[in-house]
Amino acid sequence: AQSVSQHNHHVILSEAASLELGCNYSYGGTVNLFWYVQYPGQHLQLLLKYFSGDPLVKGIKGFEAEFIKSKFSFNLRKPSVQWSDTAEYFCAVRAGTASKLTFGTGTRLQVTL
Amino acid sequence: DTEVTQTPKHLVMGMTNKKSLKCEQHMGHRAMYWYKQKAKKPPELMFVYSYEKLSINESVPSRFSPECPNSSLLNLHLHALQPEDSALYLCASSQVLPGAVEQYFGPGTRLTVT
């Protein structure tokens, strides 16, 4: 069964700092990869997705992620975080043609002023 | 319209009660999902419906009974729940696989079982 690991459980950054959140998955075949964000009290929103093609994908709000197949990784980046980026970030993987979306344990990002 | 709506937003029920959660989408999606999310944990898949038929049941206890009456609606019937079932219940929808699809999530119903 596939699994998704997010090693950073809680990250605290100052505004304007750069962000990188790690995501690793275990599945040897074709995968679809996602990053979702959950702002306090709000529903899960899709930040970005990778299905195929260019491994560097850009999402909303200045976020980007890079798929490195050899490392089974899909790390999320943002060059300069804002206070409003404070949220829980979930990496998710769908393996092959499966319907099931498997989420990582999440990373809580806290941005201080 | 890229919205998934869920009602109610909050629900408190006793262990002997019967209640239902409702989910609706008008994006023409033919796959719908129920997830359970405990505090500070990721969403966990419970059920998947594809073309109004149950396609995945992740070994969910029978006190949770899903229903998909039509392509826009998804219900989750609750009966004889336990306090540990208290959680945020999320509904999602997507186009049907195969193909590159993403899931759209609703705001959830926060359930408290007393």
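The structure we're discussing is the one just above.
Values in this document were obtained by computation on a predicted structure and should not be read as measured data.

Counting residues at the interface gives 22 residues for chain B, matched by 19 residues for chain A. Here chain B packs against chain A, burying approximately 1,600 Å² in sum over the two surfaces, 61% of which is carbon and sulfur. Per-residue buried area on chain B facing chain A is highest for B:Leu97, B:Glu102 and B:Phe105; these three make up 30% of the total on that side. The interface formed by chain B and chain A contains 2 salt bridges. Of the charged contacts in the structure, one is a salt bridge between B:Glu58 and A:Lys100, with a shortest N-O distance of 3.0 Å.

Of note, the bond from B:Thr7 into B:Pro8 is cis; its omega dihedral lies within 30 degrees of zero at -10°. Residue placement: B:Pro8 occurs in the loop between strand 1 (4-7) and strand 2 (10-13). A positive phi angle, near 60°, is found at A:Lys61, a position not held by glycine. Mapped onto the secondary structure, A:Lys61 falls in the loop between strand 7 (56-58) and strand 8 (64-68). In this structure A:Lys61 comes out as partly exposed when scored by relative accessible area, which is 44%. Phi is positive for B:Tyr51, which is not a glycine, with a value near 50°. For B:Tyr51, the location among the structural elements is in the loop between strand 5 (44-50) and strand 6 (53-57). Since its relative accessible area comes to 47%, B:Tyr51 is described here as partly exposed.

About the thresholds
Residues numbered from 1 in each chain as written. Chains lettered and ligands numbered in written order. Predicted model: local features only at pLDDT ≥ 70, side-chain atom pairs only at ≥ 80, totals over all residues. Heavy atoms only, no water. Contact = heavy atoms within 4.5 Å. Buried area = accessible area lost by both parts, 1.4 Å probe. Salt bridge = Lys/Arg side-chain N within 4 Å of Asp/Glu carboxyl O. Helix = DSSP H or I, 4+ residues; strand = E, 2+ residues; numbered from the N terminus. Buried < 20%, exposed > 50% of the residue type's maximum accessible area, 1.4 Å probe, protein only.

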